Amino acid sequence: MTEGANPARLFWLATVSAFMIVSQSVMAQAQSAPSSFSSLAERVSPSVVNITTSTMVAGRTGPQGIVPEGSPFEDFFREFQGPNGGPEGDRPRRSSALGSGFVVSEDGYIVTNNHVIEGADEITIEFFSGKELDAELVGTDPNTDIALLKVEAEEPLPFVKFGNSDDSKVGDWVMAMGNPLGQGFSVSAGIVSARNRALSGTYDDYIQTDAAINRGNSGGPLFNMNGDVIGVNTAILSPNGGSIGIGFSMASNVVTKVVDQLKQYGETRRGWLGVRIQDVTPDMAEALGLDVAEGAMVSDVPEGPAMDAGMKSGDVIVSFDGKPVTDTRQLVRIVGNTEVGKSVRVVVNRNGNTETLLVTLGRREETAQTVPASQEQGTPEAPATRDLMGLTLSPLTAELRAELGLADTAKGLAVTDVDPAAEAYEKGLRSGDVITEAGQAEVLSIEDLEDKIAEAKDAGRKSLLLLVRRGGDPRFVALTIEDN
């Protein structure tokens, strides 16, 4: 201690210094939260667009929506009925839909969701300035629900760039922009709630956010604080069709690969290994003598690249092109993102030993589509409709697709009636909705749905998650199955 120093004074100075250091740290953390999104919104708004589509569809002769008498939506639905309150009959009519998108190049390429423009005869782009241009469809990828459009402008267009979605972390601030409920350009903000969500498709990699996303936001961008697009707003989880703070955006690292291929080829070109696989469960790992329940179990090897390379049923794929394989979902994504025609090393565990196979990948889009198991064995005769969970359901037929204004390729179960006293009605399901998935698996028949209900019961679950589409817009609804 320095001669003459006062111990009490030194203690006081040390305390004050420590307090200042802590205060500065707290202030630095507080400043990481943006005080305003105005500058970011102003900077990126010129690149975000509203999308209006127009489609000629057959008149509605099938099931109509149910609107309780006295409902505030009664007048709204009356606009779509005939002069006497009934349906318009089978007279063709023009249907319009709204969505969002964003410009990704100065020469007019625009990214949106496939379900926004699916089946459209005309696509109109409205810019932030109010200018409108007609768009041409370059290509679509239903697997990731991404579409690429092109407009011809007289001058370079303002555009935004994609960021690296892998850099985004849970808790990071994000901002969504789009055309919710047809209200025009709108901004909402929130955080990244979760990463790597798998909802329904083979190539899913969704960012979950609590930034408000509603109908019409589909196809709009999700920005990080640098103004880079890290996701394309695609779906919401909602019991009533409105935002409850659970929205999903397809990660930009998936979208960029799709956009590059659509721009170059007008279609996607994904790698194809040619195997049927399933996840390795702990009891399977024990039986196979594996230390951990990881990898992808090969259940079948039809004619294709894997068969040519010597892969066999019962192999467990543990590495693909130098990347460890943890489960089937990861393997499918890695293979799909690999260049068609590339020769890759695939390490498999076979009878307790590892072997390395050299596989030359094919192109997935050129392979014959696998017939669903429910159809391979033949579908027994069944009634045209069936009642489940308060819903009257029917498999989609050509007639139903025409009545509901759906594309010829649409799959799923049509809701032809809803019990007004059922939970399904309370959660917003209505006649004309289409159920495309149950328990995160595709449903093509009523038997498929019954199987998913049985699986959920066997697993001790009390509800089943359904993916419901209405007018092309997807949303998830969980229905109780305990009493069914």
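Our structure's up above, just so we're on the same page.
To keep things clear, this report deals only with the structure shown in the data block. Residue positions are given per chain, counting from 1 as you read along its sequence in written order. It should be noted that, the model being predicted, local features are given only for residues of pLDDT at least 70 and side-chain atom pairs only at 80 or more, the latter also being counted only at that level, while totals for whole chains, interfaces and linings use all residues. Only heavy atoms go into the side-chain values, all of them from the structure, while hydrogens and water stay out.

**Side note on the nonpolar core**
Selection criterion: By nonpolar core is meant a set of buried Ala, Val, Leu, Ile, Met, Phe, Trp, Tyr and Cys residues that side-chain atoms within 4.5 Å join together. Three exposure classes are used, based on accessible area relative to the maximum for each residue type with a 1.4 Å probe and protein chains only: buried under 20%, partly exposed in between, and exposed over 50%. A run of H or I in DSSP becomes a helix once it reaches four residues, and a run of E becomes a strand once it reaches two; helices and strands are each numbered from the N terminus. Should any heavy atoms of two residues lie within 4.5 Å, those residues are considered in contact.
Membership of the largest hydrophobic core comes to 28 residues, with the highest contact counts inside it found for V44, F102, V111, I146, M175, F223 and V255. Looking at this core, the elements with two or more residues in it are helix 2 (38–44), strand 3 (109–113), strand 7 (146–150), strand 8 (173–178), strand 12 (229–237), strand 13 (247–251) and helix 5 (252–265). Tallying contributions element by element places helix 5 first for this core, with five residues. When sequence neighbours within four positions are dropped, the list of residues in contact with V255 reads V111, I146, F162, V232 and M250. L388, L391, V415 and I453 belong to the second largest nonpolar core, which has 23 residues in total.

**Description of the pattern of salt bridges**
Where we set the bar: Here, a salt bridge means any side-chain nitrogen of Lys or Arg that lies within 4 Å of a carboxyl oxygen of Asp or Glu.
What the rule picks out here adds up to 17 salt bridges. The salt bridge involving E152 is made with K150; its shortest N-O contact spans 3.2 Å. By relative accessible area, E152 is classed as exposed at 63%. The class for K150 is buried, based on a relative accessible area of 15%.

**Brief notes about the pairing of strand 17 (residues 316–320)**
Convention followed: Any two strands between which DSSP finds at least two bridges are classified as paired.
Burial analysis of strand 17 places four of its five residues in the buried class, the great majority of the element. In the sheet, strand 16 (residues 296–300) pairs with strand 17 via two bridges, with the strands oriented antiparallel. Of the residues in strand 17, the one forming a bridge with A296 is I317. Where strand 17 lies against strand 19 (residues 343–350), four bridges are found, and the strand directions are antiparallel. Looking across to strand 19, one finds that F320 is bridged to V346. Turn length for the strand 17-strand 18 (residues 323–324) hairpin, with the two strands adjacent in sequence and antiparallel, is two residues, and the turn residue D321 shows positive phi of about 55 degrees.

In short, geometric facts, not functional conclusions.
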